[in-house]
Each structure stands twice: as structure tokens, then as C-alpha cells.
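This is what each chain is made of:
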Amino acid sequence: MKRKVKKCFLSLLMCILTITSIQPILVKANTSPPPEEIQYTPKVLLKEITERTTAIPVYVYEDTTLYIKNGTHTVYKKFYKEEGLKKVKIAKQKAGSKLKFYLVADISGKRGKIITRKVVKLPAISTETLDDKIQKPKVQKTITNKTTKVNVTAAKGTKLVIKNDKKTLKTVKFKKSEKKKITIPAQKEGNLYFYLKKGNSRSKIVTRTIKDVIAPEAPRVKIDSSYVFYVKGEVGTKIYFKGEDNWWTEVGVILDNDWQFIMLPYSDEAEYYKVYLKDMAGNKSKVVKVKNPDAGMSCEVYY
């Protein structure tokens, strides 16, 4: 067998792997601990957990069980066969309590580092007394993080109150029963609350969760070689890569504000790399196209 090598030692190594029928696969980089490490630490990607939080993005590792505890009470427990970013759903927790997140490795049974987050108290949505005689407002069903005008129908003689999780955004008097288009500042995330009041009495509260429809900004990409590159972008987004095979493949997750190291287990021959980000709502960034400095410089094997 003759070998003609037109690259460095790493390219030759990958050629040998090809000969022995070991199929290289794109892998997530800068996320998994080294093989000899037996303890794993979850990455909790939500900046603030409040008394109204019911979903938390958490990065977990393969063959581990995620635990979330509030004191001695187990809030959440689930085994994960595969590594990745998960949307964990929990019941609302009492303000001031502390949530502890940790992973237990399936093979070793070892518990990793505990991540602790305090549950933040929010202002009361309303201090008025509920009066079933006051009809609640009719509010448009979908409100996104681009919405700046909301259609609301209310009864004559009532005052509409619009709040987010932390403050009052607007109050509007209705001199007659009608539908109004109310201007509000666009909300990045969270909930909006709508109710009608008369004096110190109020209607039932209508809640709308802000729908994320804004795509992440295009990632910043730095190429080191035909098998190593770096990506920077919105925290919590997944990184997708396309090379010579012309398939989009998930290769990692942006876990912090630093450059994310991505390494392919083979030298990709594509003239250009293409990379984009996708957030948990499914919004995709623009595709970034970067020239591969080592395009076409793969190892060639002759039998």
C-alpha cells in the first residue's frame, strides 16, 4: 500500500482512520468534559429564576441524571441519554427559596458540582380586590417581542391596566365600550398581564406570554484550520455547520460569551464553511460564509 500525503500529521492520522473503516462524525466541542473526568456540572442558561418561572434551559451531558432540588424536595429528576441543551419544565417555586441543580453520572454514580440559584420575588400583579361583576378585557391572542400595538376590547367606565412581570406599562380609560389599539413598548421576554379596574376592584387577569420571533444575530466565526474554528454569538443558541458533505449538522451550543472552540475529527475539504445559529424558539440567524484556508489539502490514499 502506498500513501501520498499532502498535509500534516493530523491529516495522515485521519486517513488511517478512514482506511480502518472508522467513520468520523461531527462532534460538539468545548462542551463535554475529558474522558477521564467522572463528574459533570450542568449549565443553567437562564439569567434569572423568579417565582413565576416554569421553564429553564439547562445544558446536560450524556448518560447523566439531572436533579433540581428545593431544600429536601425534588423539583425535577430526569435521565438523559444524550448530551445537549434541554428545556426543563418545573412548577412555580416560592420566592426566596434556593434551587440546586446537579448531575449524577450513570456509570460512576458520582455527583458533580452543585449550581445554586435563588428564586427572585416579583411585584404583585394586582393589589385590587377581584370582582366577578367586572368583565375581563378581550386581548389579542398572540403578542411577540416585536409587538408594539395590542388590540384590547373593554367595557365603558373601566380602566385598563397593562403590566409586565416587574412594572406597569400603561393604563387606559374606556369612556365607552369599544376595541382600542393600545401602544406599548416591545417586550423582550416574559409575560404581559391585562385587567380592568373600577375603584379598588378589578376583573380577572388575562395573561399573554411573549412569543420570541426575533432571530439571533449572525455568528462571528474565526477559522484556524480545516478542522478547527471558533464561534461567538447569542448564549443558548445551537451552532450549525455545513462543509463538503453539503449537510447542515449541529456541532455545538453557545454556552457563554467567550469564543466557542469547535473541532472536527477530520479535515474538511470544502472551499467555504457555512455557519448559522438557531435559538430555542426555532429562530435562525443569517448564514455566515467563511473561506477554508486549507481547502483541497486533504490526504490522498492509493492502494
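Residues numbered from 1 in each chain as written. Predicted model: local features only at pLDDT ≥ 70, side-chain atom pairs only at ≥ 80, totals over all residues. Heavy atoms only, no water.

All right, on to the sheet that holds strand S20 (residues 238–242) then. Spatially, S21-S20-S23-S24 is the arrangement adopted by the four strands of the open sheet, whose pairing is antiparallel. A single partner strand is all that each edge strand has here, and the edge strands are strand S21 (249–253) and strand S24 (288–291). For this sheet, the mean inter-axis angle between neighbouring strands, taken without regard to orientation, is 30°. Alignment of strand S23 (residues 272–278) against S24, held across four bridges, turns out to be antiparallel. When the sheet's bridge partners are listed, Tyr-272 is paired in S24 with Lys-291. (Pairing = 2+ DSSP bridges. Helix = DSSP H or I, 4+ residues; strand = E, 2+ residues; numbered from the N terminus. Axes fitted to C-alpha atoms, helices over the stretch in contact; angles between N-to-C directions.)

Okay, the sheet that holds strand S10 (residues 138–139) next. Here we have three strands laid out as an open sheet, ordered S10-S11-S14, and antiparallel in their pairing. Each edge of the open sheet carries a strand with a single partner, namely S10 and strand S14 (178–183). Examined bridge by bridge, strand S11 (residues 149–154) and S14 share six bridges and lie antiparallel to one another. Residue pairing for S14: Lys-149 is matched across the bridge by Thr-183.

Another point: unusual backbone geometry. One non-glycine residue with positive phi stands out, namely Asp-63, at about 55°. Tracing the backbone through its elements, the reader meets Asp-63 in the loop between strand S3 (55–60) and strand S4 (64–70). Phi is positive for Asn-246, which is not a glycine, with a value near 65°. Tracing the sequence through the fold places Asn-246 in the loop between S20 and S21. Asn-246 sits in the exposed class, given a relative accessible area of 55%. (Buried < 20%, exposed > 50% of the residue type's maximum accessible area, 1.4 Å probe, protein only.)

Right, let's talk about a positive patch on the surface for a bit. A surface patch of positive charge is lined by Lys-98, Lys-100, Arg-111 and Lys-118. For Lys-98, a relative accessible area of 48% gives the class partly exposed. (Patch = residues over 30% accessible without salt bridge, like charges linked within 9 Å, V, L, I, M, F, W, Y side chains within 5 Å. Areas by Shrake-Rupley, 256 points an atom, 1.4 Å probe, with all protein chains shown as cover. Salt bridge = Lys/Arg side-chain N within 4 Å of Asp/Glu carboxyl O. Lys, Arg positive; Asp, Glu negative; His and termini not counted. Charge placed at Lys NZ, Arg CZ, Asp CG, Glu CD.)

On to the layout of surface pockets, then. Counted as a void, the largest pocket has a volume near 1,800 Å³. Broken down by element, the residue count for the lining of the largest pocket peaks at three residues, all from S3. Split into classes, the residues belonging to the lining of the largest pocket amount to 16 nonpolar, 12 polar and 14 charged. (1 Å grid on protein atoms, 1.4 Å probe; cavity = no way out; pocket = protein on both sides within 12 Å on 5 of 7 lines; lining within 4 Å. Points joined across faces, edges and corners; volume = space filled by probe spheres on them. Nonpolar A, V, L, I, M, F, W, Y, C, P; charged D, E, K, R; others polar.)

Once that is clear, we can look at the nonpolar core. Nonpolar side chains in soluble globular proteins tend to be buried together. Counting 25 residues, the largest nonpolar core has Leu-66, Ile-68, Val-88, Ile-90, Leu-99 and Phe-101 as its most contacted members. Breaking this core down by element, the ones donating at least two residues are S3, S4, strand S5 (73–80), strand S6 (84–89) and strand S7 (98–105). Ile-68 has contacts with His-73, Thr-74, Val-75, Tyr-76, Val-88, Ile-90, Leu-99, Lys-100 and Phe-101, leaving out every residue within four places of it along the chain. In this structure, Leu-169, Ile-182, Ile-184 and Leu-192 belong to the second largest nonpolar core, which totals 18 residues. (Core = buried A, V, L, I, M, F, W, Y, C linked by side-chain atoms within 4.5 Å. Contact = heavy atoms within 4.5 Å.)

This part takes up the environment of Tyr-80. Structurally, Tyr-80 can be placed in strand S5. A relative accessible area of 6% means that Tyr-80 is categorised as buried. On a C-alpha basis, the gap between Tyr-80 and Val-60 in space is 7.5 Å, while along the polypeptide they are 20 residues apart. Within the structure, the side chain of Tyr-80 is placed 2.7 Å from the side chain of Tyr-76, a separation counted as a polar contact. (Polar contact = N/O pair within 3.5 Å; in protein donor to acceptor, adjacent residues only side chain to side chain.)

With that settled, the discussion passes to the packing of aromatic side chains. This structure, assessed with the given rule, holds nine aromatic pairs. Ring plane angle 15° and centroid distance 5.1 Å describe the contact between Tyr-67 and Tyr-102, whose orientation is recorded as stacked. Taken together, the residues span a long stretch of sequence, with Tyr-67 in strand S4 and Tyr-102 in strand S7 at a distance of 35 residues. For the residue pair Tyr-67 and Tyr-102, the accessibility class agrees, reading buried in each case. Where Trp-248 meets Tyr-276, the ring centres are 4.7 Å apart and the plane angle is 70°; that geometry is what we call edge-to-face. Placement of Trp-248 in the loop between S20 and S21 and of Tyr-276 in strand S23 is noted, with a sequence separation of 28 residues between them. The partly exposed category is assigned to Trp-248, whose relative accessible area is 32%. Classification of Tyr-276 as buried rests on a relative accessible area of 7%. Aromatic rings pair up to connect Tyr-40, Tyr-59 and Tyr-61 into one cluster. (Phe/Tyr/Trp six-rings, centres within 6.5 Å; stacked < 30°, edge-to-face > 60°.)

The subject of this paragraph is the confidence of the model for the protein. The predicted structure's coordinates, where accompanied by low pLDDT, should not be read in detail. Overall, the prediction assigns the protein a mean pLDDT of 87, with 83% of residues at 70 or greater. Taken as a whole, residues 1–29 scores under 50 in pLDDT and shows 55 contacts with residues more than four places along the chain or in a different chain. This model gives residues 298–303 a pLDDT under 50, and the stretch forms 18 contacts once residues within four places in sequence are excluded. (pLDDT = per-residue confidence, 0-100.)

Further remarks concern the pattern of salt bridges. Oppositely charged side chains may form a pair once their charged atoms are brought near each other. The full count for this structure, using the stated rule, is six salt bridges. Close ionic contact of Lys-166 with Glu-48 constitutes a salt bridge, the shortest N to O distance being 3.2 Å. Of this pair, Lys-166 sits in the loop between strand S12 (158–163) and strand S13 (168–174) while Glu-48 sits in the loop between strand S2 (43–44) and S3, and the two are 118 residues apart along the sequence. Overall, the relative accessible area of 33% leaves Glu-48 in the partly exposed class.

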